[in-house]
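A structural walkthrough
Below, each chain spelled out in residue letters.
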Amino acid sequence: EEIVVLTRPDGTRLLLKEIAKVVDGFEDVDLFTRFDGHPAVVVNIFRSGDEDTLEVAEAVKAWLKDAPERLPHGVKLEVWNDLSLLLKGRIDLLLNNAVQGFLLVYLVLSLFLRPALAFHVGLGIPIAFAGGLIFLPMVDVSVNLISLFAFIVVLGIVTDDAIVVGENIHARMERGEPAKLAAPRGTYEVMVVAIFGVFTVIVAFMPMLGVEGVGGKIWRNIPWVVIPTLLVSLIETNLILPAHLSHLKPEKSLEQMFFIVRFVVRVQRAVSGATGRFIARFYRPFLELALRWRYATLAAFIAALVVVIGLVVGNWIPFKFFPRVEAEIISAKITLPPGVPVQTTQEAVARMEAAAHKLKDEFKGMNGEPIFKHMLSTVGSQPFKVGFNPVGTADASNIGEITLELLAASDRDVVADTIIARWRELTGPIPGAVELGFLANTSNSGNAIDILLRGSDLTRLLKATEFVKQGLADVKGTADITDSNREGKRELKLNILPQAESIGLRLADVARQVRQAFYGEEVQRLQRGRDEVKVMVRYPQHERHSAESMAQMKIRTPLGAEVPFTTVAAPGEGRGYSYILRRDRDRAMTVSCDLDLAVPGANANSIAAALTAPDGTLTKLKTEFPDITWSFEGEQKQQREDMGQIAVGGVLALFGIYVLLAIPLRSYVQPLIVMSVIPFGMVGAVIGHVIFGFELSIMSMIGIVALSGVVVTESLVLVEFVNRHRRAGQSVINAAREAGVARFQAIMLTSIVSFIGVLPMITETSIQAKFLIPC
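What counts as what
Residues numbered from 1 in each chain as written. Predicted model: local features only at pLDDT ≥ 70, side-chain atom pairs only at ≥ 80, totals over all residues. Heavy atoms only, no water. Salt bridge = Lys/Arg side-chain N within 4 Å of Asp/Glu carboxyl O. Helix = DSSP H or I, 4+ residues; strand = E, 2+ residues; numbered from the N terminus. Buried < 20%, exposed > 50% of the residue type's maximum accessible area, 1.4 Å probe, protein only. Core = buried A, V, L, I, M, F, W, Y, C linked by side-chain atoms within 4.5 Å. Contact = heavy atoms within 4.5 Å. pLDDT = per-residue confidence, 0-100. Expected span 1.5 Å × (residues − 1). Bend = angle between axes of the 7 residues up to and from the residue. Phe/Tyr/Trp six-rings, centres within 6.5 Å; stacked < 30°, edge-to-face > 60°. Lys NZ or Arg CZ within 6 Å of the ring centre and 35° of its normal.

This part takes up the pattern of salt bridges. In the structure shown here, the tally under the stated rule is 24 salt bridges. Notably, a salt bridge pairs Arg460 with Asp627, separated by 3.1 Å at the nearest N-O pair. Of this pair, Arg460 sits in helix α15 (residues 458-473) while Asp627 sits in the loop between α21 (617-624) and β20 (629-633); the two residues are 167 residues apart in sequence, bridging distant segments of the chain. Ionic pairing is found between Glu720 and Arg724, a salt bridge with its closest N-O pair at 3.0 Å. Pair noted here: Glu720 and Arg724 are both in helix α25 (residues 698-727), with a separation of four residues, about one helical turn. For Arg724, a relative accessible area of 23% gives the class partly exposed.

The next point concerns the nonpolar core. Counting 88 residues, the largest nonpolar core has Leu109, Phe205, Trp219, Ile222 and Ile702 as its most contacted members. Beyond its immediate chain neighbours, meaning those up to four positions away, Phe205 contacts Val153, Ile157, Ile222, Pro223, Val226, Ile702, Val705 and Ala706. Listed in part, the 29 residues of the second largest apolar core include Ala332, Met352, Ala356 and Leu404.

With that out of the way, let us pick up the confidence of the model for the chain. Confidence in the prediction of the chain, expressed as mean pLDDT, is 80, and 88% of residues score 70 or more. Looking across the chain, the model is least confident in strand β1 (residues 2-6), with a mean pLDDT of 45, and most confident in helix α17 (residues 507-518), with 91. Every residue in residues 26-31 scores below 50 in pLDDT, and together they form 21 contacts with partners more than four places removed in sequence or on other chains. Taken together, the stretch residues 386-393 has pLDDT below 50 and engages in 14 contacts with residues farther than four places along the chain or on a different chain.

Attention shifts here to helix α10 (residues 221-245). With 25 residues, α10 should reach 36 Å at 1.5 Å per residue; the first-to-last C-alpha distance of 34 Å fits that figure. At Thr237, α10 is deflected by roughly 40 degrees, the largest bend along its length.

Relative to the elements of secondary structure, Gln670 occurs in helix α23 (residues 670-675). For Gln670, a relative accessible area of 17% puts it in the buried group. Between the C-alpha atoms of Gln670 and Val719, which are 49 residues apart in sequence, the distance is 7.9 Å. Discounting chain neighbours no more than four positions away, the residues touching Gln670 are Leu665, Val719 and Asn723.

Taken as a whole, this structure holds eleven aromatic pairs when the rule is applied. Ring centres 5.9 Å apart and planes at 35 degrees place the aromatic pair Phe278 and Phe744 in the tilted group. Residue Phe278 is found in helix α11 (residues 259-292), and its partner Phe744 is found in helix α27 (residues 744-762); the two are separated by 466 residues along the sequence. Residue classification places Phe278 among the partly exposed residues on the basis of a relative accessible area of 38%. The class of Phe744 is buried, set by a relative accessible area of 13%. A centroid spacing of 5.3 Å and a plane angle of 75 degrees characterise the contact between Trp630 and Phe632, whose relative ring orientation is edge-to-face. Accessibility expressed as a relative area gives 10% for Phe632, which makes it buried. The aromatic ring of Phe721 is capped on one face by Arg724, whose charged end is 4.3 Å from the ring centroid.

Attention now moves to the environment of Leu123. Note on placement: Leu123 falls in the loop between α4 (115-122) and α5 (124-135). Using a relative accessible area of 26% as the deciding quantity, one classes Leu123 as partly exposed. In this structure the C-alpha to C-alpha distance between Leu123 and Ala162, which are 39 residues apart in sequence, comes to 9.7 Å.

What follows is the structure, given as structure tokens:
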């Protein structure tokens, strides 16, 4: 999406005709607008149908090169809010990290396996990714931020089965078995484990396909990338990889190798020897100690799990449903009382503009340039506002907005939230403002907190609204608190007098006659061609131009008599309602707020927990206003619905994993033993969040799901080898010891590769990567 700004409005019509030749989707946003201090007209260009965003952007930019020659003299064009740059930057970020991750994975594999064998194992990554990409159009998934993120997630998993197979073949070849025999025998030996290990990961991601609503459209991208990628990887591992490895020739002597290959082989043999010595000197004795004190070992892990659960439940590690994507567009929106002159709104917008200019002096980009590139000021509309609009109209003289286009996230070391907090502070309170909000235009699902209040008594509802607003103000970390109670324009309100009721007049009778006198009553319709003409009867123009005319009118009683208006009614000045909200036939109001991210630890879930605590505002609301009901809406509602659906699907997924594990293990108990490692894997994930200072989020949950697949596969490999040793007649302790030693390198290698695959993302310094790192 692009916004093209003209500094001379008389070129708009010609510009629109020129744009129509390039793209199908565009609209003219005709506002009282200033761009960088100059009068401007905004044209919004967007993709339509199945067009590619980047292709549309390139077409528009190619047209812009010579467009000024075909426009009136003095018309200038500026590209504003080019979202294609944001998309391209994120795609490049993820692709670069994927390439780096693949190279690191291959390097690590080369340290433990023969270079040729490591190459064939690593080759499974691009093959699996190619299969995943081919499958995407079949399920209507595009290449976007979430789908590319899913490829990063699966990067650490896709090599697990290949490592298990390749390492087992390598172990047989190390014992002198020819490649022609080692490849099929080694594959067959662990084939069942590799197949069911992949299926358990697939089942773990399937609950995301069951999420409905808006969230479902987002989360479905992840399993539709992971599932086909892993299936293609499984085929490659069990069919293509063994065929390639069966043609490996015995290693030549060092003297016969090329000097680079000789160096790599020497390093590989040194690492392999060091791994063997580590197993013999450290791992085997430690394993024997753990087996000897197995109950103490189990108690230590359970204690660690309990501590971590306490950290999460006690909110020591905050949870945020969807982490903020770093914004490059921030805006300030103001709403004044209805009916104020447009000049008053212009003065308020000018004050926010002055505060924005001060930001340039306080914040600079990495190269010393101003922190924002362009500023778009609008009076009479709020074109960038999203979500709930209590004003009820897109255009009004009492609303305004300023939008800043910041430097690219990679060109600054300060986040948008910090800039917003300072902009809010510099602007300060604006007298008479009904609503003043500062926010970043990102992928948020709504305000941080949205509370819907319902009741049948409007007066009680208004008091409850003020009660909740005061409670929100007392909670640390809240900002921009507002409600949907908006007064309308000034009007005269009629009040019936007691003597009117004594003669049979009701307020509705008086109001109807006043309406007939000043607005008119339809008495006839005349047909003129294809049109109908309404005939209205009302007072002459000179008798309905002021409130004094109302005092002079006569009111007809039910008996037909006429009495002076002032004897039956008293007009009073007031304001009507500009917005009326109902929910299930009850009057309703919303109270919302955003986060003041300048306050350390500001978190939407923490605020919601404080409101619902035993001494919280919403708990007290039930006592103070028992006739008022409340519910969380917006981001909290979406979080509750999505997490609830994922939780239900997760329970079914755990049952599916149990069934899948029971098939190769031929046991009802051993699948539970294998699955018991999943919580302990979460312990490491939570500790990692603590070390790096990240909040838990839905992205973290996705990472933990991927982690669960890795640990289940590794545990399945170990248990299968334990069963093999037990069938050979060994005791459980001896079988566990020998299986641990035999599969140590394979399990260690899958864990290292899973970590190394995402290491470039973990060490990424780009602001755009911050929300991906927790995964």
